[in-house]
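Structural features, examined
Read off the chains here:
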Amino acid sequence: MASENKKRICKVVVCPDKFKGGLSSGQVAAAIKEGMEDYISFRKGEMSAFSSSAEILPVEMADGGDGSAALFRKLSGAEEICLKVCGPLGEEVESSYMFCRGASPLGEKPSAFIECARVCGLAMVPEEKRNPLATTTFGLGQMILDAVKRGAGTICISLGGSATNDCGTGMLQGLGFSLGLPEGQKASGGTMADIKSIAEPEDLEKRLSGIRFLIVNDVDNPLLGPTGATYIYSGQKGADKEAMDKMERDMSALVSRLGKYSRSKNDASQDALVPGAGAAGGLGFAFLHFLGADSVSGFEFFGVRLQGLSEKIAEADIVISGEGSIDIQSLSGKVVGGCCRCVSCCPDVSEKRLWLFCGKSSLELEDLAKSSGGASVRVFQLADIEKDMKARMKREYPLLRQLAYCAAMEMDALL
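Criteria and thresholds
- Residues numbered from 1 in each chain as written.
- Predicted model: local features only at pLDDT ≥ 70, side-chain atom pairs only at ≥ 80, totals over all residues.
- Heavy atoms only, no water.
- Pairing = 2+ DSSP bridges.
- Helix = DSSP H or I, 4+ residues; strand = E, 2+ residues; numbered from the N terminus.
- Axes fitted to C-alpha atoms, helices over the stretch in contact; angles between N-to-C directions.
- Contact = heavy atoms within 4.5 Å.
- Polar contact = N/O pair within 3.5 Å; in protein donor to acceptor, adjacent residues only side chain to side chain.
- Core = buried A, V, L, I, M, F, W, Y, C linked by side-chain atoms within 4.5 Å.
- Buried < 20%, exposed > 50% of the residue type's maximum accessible area, 1.4 Å probe, protein only.
- Salt bridge = Lys/Arg side-chain N within 4 Å of Asp/Glu carboxyl O.

The six strands lie next to each other as β3-β4-β5-β6-β7-β8, forming an open sheet whose pairing is mixed. Only two strands of the sheet have a single neighbouring strand rather than two, namely β3 (79-86) and β8 (294-297). Between one strand and the next, the sheet's axes are offset by a mean angle of 25 degrees, whatever the strand orientation. As judged from the three bridges shared by strand β4 (residues 92-100) and strand β5 (residues 111-115), these two strands associate in the antiparallel manner. If you follow C100 over to β5, its bridge partner there is S111. On top of the sheet, helix α3 (residues 68-76) reaches β3, β4, β5 and β6 (154-158); it is set at about 150 degrees to β5, its chief contact. Across the sheet, helix α12 (residues 298-307) lies against β5, β6, β7 (212-217) and β8, angled at about 75 degrees from β8, the strand it touches most.

Looking at the element boundaries, D250 is found in helix α9 (residues 241-258). Of the polar contacts made by the side chain of D250, one reaches the side chain of K246; its length is 2.8 Å. Among residues more than four places away in sequence, those in contact with D250 are M192 and A193.

We now examine the nonpolar core. Of all hydrophobic cores here, the largest spans 62 residues; its most connected members are I144, I155, M171, F213, F285 and F287. Filtering out sequence-adjacent residues up to four positions away, I155 remains in contact with A112, I114, I144, A147, V148, I211, R212, F213 and L214.

In this structure the tally under the stated criterion is 23 salt bridges. The residue R401 makes a salt bridge to E34 at a minimum N-O spacing of 2.9 Å. In this pair, R401 is assigned in helix α17 (residues 396-413) and E34 in helix α2 (residues 25-42), connecting sequence segments 367 residues apart. Look at R401 and you get partly exposed, because its relative accessible area is 32%. For E34, a relative accessible area of 27% puts it in the partly exposed group. The closest approach of N and O atoms between E60 and K74, which form a salt bridge, is 2.7 Å. Of this pair, E60 sits in the loop between β2 (50-58) and α3 while K74 sits in helix α3, and the two are 14 residues apart along the sequence. A residue is classified by how much of its surface remains accessible, and K74, at 60% relative accessible area, is exposed.

Below is the structure:
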């Protein structure tokens, strides 16, 4: 009997990403947990793959996009600072960021956490007005200056969910960098050709001295080329082919004019190649090159650093992750990809079960298993229960709960 108990599933870790446009990470985890607990309770007293006292541990996650600031506040106890800044369309908007006055997960000194999506996010722009030639990251620079004035020693910026493709020039302008643009003109994706040089005022250099910048990325794309910021992401921000070609040309020419900058170890052309430089329409590049930022994935930051997820996964019999749509991008800097890599590092990886819940997946099981180091991988799709996407998005919570119940039941069917 002891050996039977040893083989039973005693611990399940549930660490999904959000279902974009639908449930938050916390809601997805809660629905899956409830569905599995429903089944375990139903089977109580009968032979089952699950221990009757199995622990289902939900871990709320973020990838650096929408919801990152709220999760940071929840995990750190930071206070929310509200202020008015320039929005993505150049208008004044109400926004906020998180501030820690004492020691925090970001260090012993006061620190700030800024979510790009709250300042220049795609969700802030009506669909009919989406055009990365016209959107700006200017407000992000204003927000950083506010954090500097409050004494932040570390400033962390999550880069997902932007409406912009200005190579971070708007953010630099908002900080006070001189771009040589006409007075009052905000830098945008459409003004990159007009920027001949970028210069930092001496007083700003002194104010930023000693401040550590950390960017949280949800992608690992370079700045330029077919897999760069413009051609991969600007389409969903409203750009057509003509606009993409213009921005790619202008961005490439701008990088060639920049050369080396004091806070970076590399020339601009080298920093443009760094994984994550293409995040948020090139904001990743601007932070790396002009502000000497360190970079970390959302999975590493929110999962491993803040919540000890590596240890939790190592102890789990089943690891559950997922997102609304699982595709090739899921394995590049997203929560699902981070979870796969974390599982692959477990010494008992061949005995690990990795379950991925999603609306729909376009990846082969072989690819997911390879990314997970040979773990046993299963994909559970809401589309198998409800084929109509609009209909299932309205019922994601109960459908996920039902899917989790069925997944647990399937384990017993294999006994």
